[in-house]
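# Breakdown of the fold
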Amino acid sequence: MSDKDVTVIYGVLNERTEHEKRAALTPDIVSRLTKSGIQCLMESGAGLDAHFLDSDYEKAGARIASRDEIITIADVLAFISRPTSEVVSSLRAGTWIVGAMNSFTDEGYINILKTSGVTAVAMERLPRQLSSAQSMDEMTSQNSITGYKAVLKAADAYTSILPMMTTAAGTIRPAKVLVLGAGIAGLQAIGTAKRFGAVVTGYDVRPAAQSEVESLGAKFLDLNIDLGKDQGDGGYARELSDEEKVLQQAAVDQKASEFDIIITTAQVPGRKPPVLLTAKGIACLKRGAVVVDCAASEFGGNVEGSKPREVIRTDNGVTILGLPDLASDVSTTASQQISRNLADTVLHFMREKDGQIKLTVDFDDEIDKAMIVAYSQENVNENKE
Ligand code: NAD
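Notes on the structure in this doc start here. If you're wondering where the values come from, they're calculated on a predicted model, not measured in any experiment.

## What to know about the packing of helix H1 (residues 27-35) against helix H12 (residues 331-348)
Interhelical geometry of H1 versus H12 gives an angle of 15° and a closest axis separation of 9 Å. Comparing their axes, H12 and H1 come out roughly parallel. In the packing of H1 onto H12, the handedness of the crossing is right-handed. Side by side, H1 and H12 meet where Asp 28, Ile 29, Arg 32 and Leu 33 of the first sit next to Gln 336, Ser 339, Arg 340, Ala 343, Asp 344 and Leu 347 of the second. Of the residues that constitute the contact of H1 with H12, the class distribution is 4 nonpolar, 2 polar and 4 charged.

## Digging into the packing of helix H6 (residues 138-157) against helix H7 (residues 184-195)
Remark: H6 packs on H7, axes separated minimally by 7 Å, with the N-to-C direction vectors making an angle of 40°. Every pair of crossing elements has a handedness; the one defined by H6 and H7 is right-handed. Between H6, through Thr 140, Asn 143, Ser 144, Gly 147, Tyr 148 and Val 151, and H7, the contact on the second element is made entirely by Ile 184, Ala 185, Gln 188, Ala 189, Thr 192 and Ala 193.

## Considerations on the site of the ligand
The local shell around the ligand holds 25 residues, among which Arg 128, Ile 184, Asp 204, Arg 206 and Gln 248 are the closest. Between an oxygen atom of the ligand and a main-chain N or O atom of Ile 184, the distance comes to 2.6 Å. Between an oxygen atom of the ligand and a side-chain N or O atom of Arg 206, the distance comes to 2.7 Å. Notes on the ligand: free accessible area 820 Å², of which the protein chains cover 86%. Each residue belonging to the shell around the ligand can be placed in one class, and the counts come to 11 nonpolar, 10 polar and 4 charged. When residues of the shell around the ligand are assigned to domains, at least three fall in each of domain 1 (3-137 + 331-379) and domain 2 (146-329).

Cut-offs applied
- Residues numbered from 1 in each chain as written.
- Predicted model: local features only at pLDDT ≥ 70, side-chain atom pairs only at ≥ 80, totals over all residues.
- Heavy atoms only, no water.
- Axes fitted to C-alpha atoms, helices over the stretch in contact; angles between N-to-C directions.
- Helix = DSSP H or I, 4+ residues; strand = E, 2+ residues; numbered from the N terminus.
- Parallel < 35°, antiparallel > 145°, perpendicular 65-115°, else oblique.
- Left-handed = near helix turned anticlockwise from the far one by under 90°.
- Contact = heavy atoms within 4.5 Å.
- Nonpolar A, V, L, I, M, F, W, Y, C, P; charged D, E, K, R; others polar.
- Near = heavy atom within 4 Å.
- Polar contact = N/O pair within 3.5 Å; in protein donor to acceptor, adjacent residues only side chain to side chain.
- Areas by Shrake-Rupley, 256 points an atom, 1.4 Å probe, with all protein chains shown as cover.
- Domains from an automatic or database assignment.

In structure tokens form, the structure reads like this:
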């Protein structure tokens, strides 16, 4: 960025709810943005659940402002989630919003954005494979935290211990942990469970995951089913056909009884999470087994019968935890990470336009092309040389 005038106001609203403890901006990132000439406005109390006080933000250079003022004067609003349609309708044309827009599944909302005159950046559409996009990747930062916390939750609900322990009263065998879905969250769960001393096995539908699982010192679960060579695009899993799903579920159900703890993290971008473990498999688990479904949602998760934010105890003594908010539970670290991801995303769009550094869309840029889901013509750089 050059030393031309920067006149961007970066606004953050209080998104705290019973299940959302994160803040979209943390004081360390306020300093980073301020150094780039950006003025930060925070709604009072936005950082409280992540242990950041209004005074911490002020010390870092932000100004505490009312929700109405932020909505009225911010040039860009950064969100953990996304603004309600009501907030969108209050924004002036040309305002930028950055957050998780659910653009793969919520066409109705995206249509509202398109007619509202805002420019919207969908974090879920980041082309993560680009090296220039790494520091913007909130899916990676938040999923890593999810995988770590899933193991802590499982260990807490498990009534035995994870590591092998030799005591005067005998040797305690280590827990056997199975992690289904070995993407960012799954690999972090595998590493964390290994550090706890458990005997860990991982599984993913993508064959490339096998070497990653094994590089962490875990075993790869071979389900002995042929899912063909087509494993999806760009390193992401494809949705399995109905026949493949049945084959996979039967194989997982059959192997599941060997394990004490099962952690599921499988997702297919833009689709309902795949069911990997059915009621049949759960019925065969040992008494005391713990299942953590990180994909649990109101549309279902990876475990048949799991419910988001509910603990289910089955007749055969199995505990099923539906835990969709694990990153939010680690609110301080998760806020620091996502705050950096959001700020770097906004900084990506700061470009010279009309002799000033402004938030500008450049549709020749790969990141812009992928992430902009609605735009105001006034934000587009048409006079590029
Ligand atoms: P995700 O959250 O979309 O899914 C989690 C995991 O679930 C994935 O590994 C996926 O293969 C798996 N899965 C889906 N359906 C399954 C099924 N039926 N059975 C078993 N497993 C199933 O994915 P993610 O954690 O974001 O990672 C997805 C891919 O993106 C990985 O290859 C990862 O290495 C890659 N990635 C690349 C970059 C980068 O290039 N910088 C950054 C992040 C992730």
